[in-house]
Amino acid sequence: MMEFSVRRVAAMVRRYWYLLRSSWPRILDLIYWPMVQMLMWGFLQTYIQQNAGFFVQASGVFIGSVLLWDILFRGQLGFSISFLEEMYARNLGNIMMSPLRPAEFIAALVVMSLIRLAIGMIPVTLMAMAFFGFNLWGLGFALAAFFMNLMLTSWAIGILVAGLLLRNGLGAETLAWTFMFLLLPLCCVYYPVSVLPDWLQWIAWMLPPTYVFEGMRALLIDHVFRADLMMQALALNVVLFAAGCTAFALLLRSARHYGTLLQMGE
Amino acid sequence: MDATATAAISVDRLVKTYGPTTAVGGISFQLMPGTITALLGGNGAGKSTTIATIMGLLTPTSGTVRVLGAEMPRQRYRVLHRMNFQSPYVDMPMRLTVRQNLRVFGELYGVADVEGRIAELAAALDLVDILDRPAGKLSAGQKTRVSVAKALINNPEVLLLDEPTASLDPDTADWVRTHLERYCRARGATLLLASHNMGEVERLCERVIMMKRGRIVDDDTPQRLLARYGRETLEDVFLDIARGRGEARETTSP
């Protein structure tokens, strides 16, 4: 019985890397929206800071929010788009018929999500420093904790979306682009959880990114690193990641049952 | 020894249904190692479903499919590195060059010397001049040759081909057939071929399994089929069966 193979994971990463480097619009797309968002929210924050005392103290909270949101959103998108590339290329049959195991496929998509995120976000964080004096890297260990938790959530959702695409074909493509936006209002990216109605706060606290964004505000406004929030986010992420993998396995089994691996169109 | 145990591909009472629709209705056959067999039938006969089940892409509703002794799809990872396939319904990534595509698949299939194998296939399938060209820029015939190269990248013991010479001009098609035939004879590989090109089937295959509405309606050598139906070409035999002059047989083995 063949076990997990790093060589096969590397082969898939190579496949996506060949694609990425051969296509400048794909690379531009990685940087374009994060840059536009960062500039828009940065200038808005500059304007508000000039007119409201609270935001003078909470310097960088909007830019921090938008950068962390982009890590969450782009992390999932990087995962899902690499998967979608196989469907666009009508290559999924070749992949599913090869010895590549689902866990190896997922590992390759995770690596590509990190590569795509690095290409997109590193220049944007440097621009945030140049334009607004906001140094995301200066968050140090806190940034590592935020990043790890956000990436785990993005991969869990990416895995679920990949399963839905396998089961439902390109008819489910919209989910790849929009699923994360369901979380945008609930995980309180730009405002504290306390502004939500009580019943919605329960839902918000079930989502790992909520803890990250609360933790970021605690760091930037109160200058306190909330390790407790990060640990709670990690625990929820473990559950979410396991749920994503289970859903993927069930959807893949269902795809084999209903024959949808052979009909990857709409 | 039991034929099922030694067969390269063994299909036993395979049924596949989608709701009320029966795609394959209880077929059985065994393919011995080193044989070349055609699976023929009109549209909706159940050929693609049968091949997809053999590849492990579909779970049977009932019955079993074994490839090189492994039950599909449950034990597929035991044998997927020893099989391969080619189909007009899948493509290779268009922006990647031929060499990059073959390299990725070589790595996926665990080929020891990928570059050496690519060089061998390029020479054998006349791909040398197009190795560094993006797959999307190739002609239909070149694409087919590249997909055949991908199907042979791991020196498979079991090869499943769906319309391998579709869209090729007669000269190139003949050339590809010759290469496939030589490969199978030299490697002792088992080849299952789905095709609508009856000349191709007569040329390559020592056995023909005819399907209609999810069932096997005949199964024999091309020569014996021609004799039994009193026809001069397999195309006429195919038309006889498609138009209802064939008799269904549940389980056959020549």
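The structure we're discussing is the one just above.
Rules behind the numbers
- Residues numbered from 1 in each chain as written.
- Chains lettered and ligands numbered in written order.
- Predicted model: local features only at pLDDT ≥ 70, side-chain atom pairs only at ≥ 80, totals over all residues.
- Helix = DSSP H or I, 4+ residues; strand = E, 2+ residues; numbered from the N terminus.
- Rg over C-alpha atoms; globule rule 2.2 N^0.38 Å.
- Buried ≥ 20, exposed ≤ 12 C-beta atoms within 10 Å, placed from the backbone.
- Contact = placed C-beta atoms within 7 Å.
- Arc of directions from axis to C-beta.
- Nonpolar A, V, L, I, M, F, W, Y, C, P; charged D, E, K, R; others polar.
- Pairing = 2+ DSSP bridges.
- Axes fitted to C-alpha atoms, helices over the stretch in contact; angles between N-to-C directions.
- Parallel < 35°, antiparallel > 145°, perpendicular 65-115°, else oblique.
- Left-handed = near helix turned anticlockwise from the far one by under 90°.
- Core = buried A, V, L, I, M, F, W, Y, C linked by C-beta atoms within 7 Å.

Engineer: Got a sec to walk through the overall build of chain B? Specific residues and values, please.
Structural biologist: Counting secondary structure elements, chain B contains 9 helices and 10 strands. Here the C-alpha radius of gyration of chain B, 18 Å, is about what a compact globule of 254 residues would show, namely 18 Å. Along the first, second and third principal axes, the C-alpha set of chain B runs to 50 × 40 × 40 Å. Taken across its 254 residues, chain B has 47% of its residues classed as buried. If you take every contact in chain B between residues at least 6 apart in sequence, the share linking residues at least 24 apart comes to 66%.

Engineer: Just give me the short version of helix H4 (residues 114-124) of chain B, but keep the residues and values in it.
Structural biologist: All names here are of chain B. Restricting attention to buried positions, one finds in H4 the residues Arg117, Ile118, Leu121 and Ala122. Buried residues in H4, looked at end-on, bunch into an arc of 135°, giving them a common side. Exposed and oriented more than 90 degrees from the buried face of H4 are Glu115, Gly116 and Ala123. Buried residues in H4 make contact with helix H3 (98-108) and helix H5 (140-152). Asp126 occupies a position one or two residues after H4 and carries a positive phi of about 55°.

Engineer: Residue-level account of the interface of chain B and chain A, with values.
Structural biologist: Between chain B and chain A, the residue contacts involve 28 residues of the former and 28 residues of the latter. Of all the secondary structure elements, the ones that give two or more residues to the side of chain B that touches chain A are helix H2 (47-55) and H3 of chain B. Sort the elements by how many residues they give to the side of chain B that touches chain A and H3 of chain B lands first, with 5 residues. A breakdown of the residues in the side of chain B that touches chain A according to their chemical character gives 19 nonpolar, 5 polar and 4 charged.

Engineer: Before we move on, could you go through the sheet that holds strand S4 (residues 62-67) of chain B and cite the residues and values that matter?
Structural biologist: All names here are of chain B. Pairing is antiparallel in the open sheet, where 4 strands are placed in the order S2-S1-S4-S5. Only two strands of the sheet have a single partner each, and these edge strands are strand S2 (21-31) and strand S5 (70-72). Neighbour-to-neighbour, the strand axes of this sheet turn through a mean angle of 30°, independent of strand direction. Against the sheet, H2 contacts strand S1 (9-18), S2, S4 and S5, and its axis sits at roughly 120° relative to S1.

Engineer: Give me the lowdown on the pairing of strand S3 (residues 36-41) of chain B, citing residues and values where you can.
Structural biologist: Residues and elements named next belong to chain B. In terms of burial, S3 is a largely internal element, 6 of the 6 residues being buried. The two faces of S3 match: Ile36, Ala38 and Leu40 on one face and Thr37, Leu39 and Gly41 on the other face are all buried. Looking at chain direction, S3 and strand S8 (residues 190-194) are connected through 4 bridges and run parallel. Across the sheet, Ala38 pairs through a bridge with Leu193, a residue of S8. Relative to strand S9 (residues 207-212), S3 is paired through 5 bridges, and the arrangement is parallel. When the sheet's bridge partners are listed, Thr37 is paired in S9 with Arg207.

Engineer: Explain the packing of helix H11 (residues 208-221) of chain A against helix H12 (residues 227-258) of chain A residue by residue, including any values.
Structural biologist: All names here are of chain A. Interaxial distance between H11 and H12 falls to 8 Å at its minimum, and their mutual angle equals 160°. By the criterion of interaxial angle, the relationship of H11 to H12 is roughly antiparallel. Both H11 and H12 take part in a crossing whose hand is left-handed. Only Leu229, Met230, Gln232, Ala233, Leu236, Asn237 and Leu240 of H12 make contact with H11, whose side of the interface consists of Pro208, Tyr211, Val212, Glu214 and Gly215. Counted by class, the contact of H11 with H12 contains 8 nonpolar, 3 polar and 1 charged residues.

Engineer: Could you give me a rundown of the environment of Arg76 of chain B, with the residues and numbers involved?
Structural biologist: All names here are of chain B. Examined against the element boundaries, Arg76 turns out to sit in the loop between S5 and strand S6 (83-86). Here Arg76 falls in the buried class, since 20 other C-beta atoms lie within 10 Å of it. With near-sequence residues (within four places) excluded, Arg76 lies in contact with Gly56 and Ala70.

Engineer: Talk me through the nonpolar core; I want residue IDs and the actual numbers.
Structural biologist: Across soluble globular proteins, nonpolar side chains show a tendency to be buried alongside one another. With 152 residues, the main nonpolar core has Leu68 of chain A together with Leu193 of chain B as its most contacted residues. Take this core: its biggest share by element is 17 residues, from helix H7 (residues 141-168) of chain A.

Engineer: Explain the sheet that holds S9 of chain B to me, and be specific about the residues and the numbers.
Structural biologist: Residue and element names in this part refer to chain B. Strand order across the open sheet formed by 6 strands is S6-S7-S8-S3-S9-S10, with mixed pairing between neighbours. The strands lining the two open edges of the sheet, one partner per strand, are S6 and strand S10 (215-220). Ignoring which end each strand starts from, the neighbouring axes of this sheet average 15° apart. Note: S6 against strand S7 (residues 158-162), 4 bridges, orientation parallel. What sits directly across from Gln86, in S7, is Leu161. Sitting on the sheet, H5 is in contact with S6 and S7, with an inclination near 170° to S6.

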